[in-house]
Amino acid sequence: MHTNRKALNMIKYLILMLTFMCVVIEIIQIVVGAVLHRLFATYTVFIDNDFVRATHFLIAVGIVLVFLSIFGFAAIIFENVIMIFLYAGMFGLVVILEIILASAAFSMYNRVDSMLTRRMNVVIQQFHTDRFMRASFNHMQTSMNCCGIQSYVDWTNFHPDRELPTSCCRRFEDGCMPHERGCHAPMSDFIGSRIHMIATGTTIIIVFQVVCIITAIIMGARLSVYKRRLREAGMSTGIATAPEPILTEKPKY
């Protein structure tokens, strides 16, 4: 019985350590989701809504898992078999949602180029009629040091009777000297790298969480067997085993 208790304690401390690490990872996930949401909000006219919703989902799942991990802490510390299995089951459901998120992120990564081409064409056409789109395109050209979609020639194609926007110019020497590269390539790298980070990061987190779930199931099963044996032996099934009887008489020499 002592050997069983020792093995159970080792599993208990291992899963407590894994659960604590899981809390830290989920807090990082929430922060990353918030930062990515802020970045995507800056270029919202160039990004489809599902890209922004992916950051919302990342934050929401992180918050749910933080509270779920706290529930797991309580279940493991008090060695409640039902709570441990409930923790593992709910954790498994959330992991399924994260698998869906990772799959969607990989899918979005593959269509970044086509999305940017479509959205940029719309924005550049409405550049002189929509203040918000004009401000967004100017901000992109200034921050990315680029001009147009594929090159500065795009401005002549879309607006032949107008001059280049000031945000296109890298310097002014006898007129505007535009940036030679277009904005499509740097924006594709910018958005694609963030989406790829969501996809790969979520995949790594899923692997770690599966280890937590398996460890919780093992502890729940071991704890259930251990408590059953204690009941069969007529001993307490609490966290600590029953103390040894205290001597009430002095030993006789």
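So, here is what we can say about the structure in this document. Everything numeric here is computed off the predicted structure, so don't read it as measured data. (Residues numbered from 1 in each chain as written. Predicted model: local features only at pLDDT ≥ 70, side-chain atom pairs only at ≥ 80, totals over all residues. Heavy atoms only, no water.)

### Some words on the overall build of the chain
Moving on, step 1. Along its length, the chain carries seven helices and two strands.
Moving on, step 2. Secondary structure elements of the chain, listed N to C terminal, follow the sequence α-α-α-α-α-α-β-β-α.
Moving on, step 3. What you see for the chain is a C-alpha radius of gyration of 29 Å, clearly larger than the 18 Å of a compact globule of 253 residues, by over 25%.
Moving on, step 4. In the chain, buried positions account for 40% of the 253 residues.
Moving on, step 5. Taking contacts inside the chain between residues at least 6 apart in sequence as the whole, the part at least 24 apart equals 77%. (Helix = DSSP H or I, 4+ residues; strand = E, 2+ residues; numbered from the N terminus. Rg over C-alpha atoms; globule rule 2.2 N^0.38 Å. Buried < 20%, exposed > 50% of the residue type's maximum accessible area, 1.4 Å probe, protein only. Contact = heavy atoms within 4.5 Å.)

### Some remarks on helix H2 (residues 49–77)
Moving on, step 1. Over its 29 residues, H2 runs 42 Å from end to end, which matches the ideal 42 Å to within 8%, given 1.5 Å per residue.
Moving on, step 2. A positive backbone phi angle near 55° is found at Glu79, which sits one or two residues after H2. (Expected span 1.5 Å × (residues − 1).)

### Observations regarding the packing of aromatic side chains
Moving on, step 1. In this structure the tally under the stated criterion is seven aromatic pairs.
Moving on, step 2. Taken together, a centroid distance of 5.9 Å and an interplanar angle of 65° make the contact between Phe46 and Phe137 edge-to-face. Residue Phe46 is located in the loop between helix H1 (2–42) and H2, and its partner Phe137 is located in helix H5 (residues 131–144); the two are separated by 91 residues in the primary sequence. Phe137 matches Phe46 in its accessibility class, with the two residues each being buried.
Moving on, step 3. Taken together, a centroid distance of 4.7 Å and an interplanar angle of 75° make the contact between Phe127 and Trp155 edge-to-face. Here Phe127, found in the loop between helix H4 (112–125) and H5, pairs with Trp155, found in helix H6 (residues 153–158); they are 28 residues apart in sequence, far enough to count as distant. For the pair formed by Phe127 and Trp155, the shared burial category is buried. (Phe/Tyr/Trp six-rings, centres within 6.5 Å; stacked < 30°, edge-to-face > 60°.)

### Regarding unusual backbone geometry
Moving on, step 1. Positioned with a positive phi, Glu79 is a non-glycine residue whose angle comes to about 55°.
Moving on, step 2. With respect to the helices, strands and loops of the structure, Glu79 is situated in the loop between H2 and helix H3 (81–110).
Moving on, step 3. Note on Glu79: relative accessible area 1%, which makes it buried.
Moving on, step 4. Of note in this structure, Asn145 is not a glycine but carries a positive phi near 55°.
Moving on, step 5. Following the sequence through the fold, Asn145 ends up in the loop between H5 and H6.

### Regarding H3
Moving on, step 1. Taking 1.5 Å as the rise per residue, H3 with 30 residues should run 44 Å; its terminal C-alpha atoms sit 44 Å apart, in good agreement.
Moving on, step 2. Every buried residue of H3 is accounted for by Val81, Ile84, Tyr87, Ala88, Phe91, Val94, Val95, Glu98, Leu101, Ala102, Ala105 and Met108.
Moving on, step 3. Put simply, Asn80 is the residue that caps the front of H3, since its side-chain oxygen is 3.1 Å from the backbone nitrogen of Ile82. (Polar contact = N/O pair within 3.5 Å; in protein donor to acceptor, adjacent residues only side chain to side chain.)

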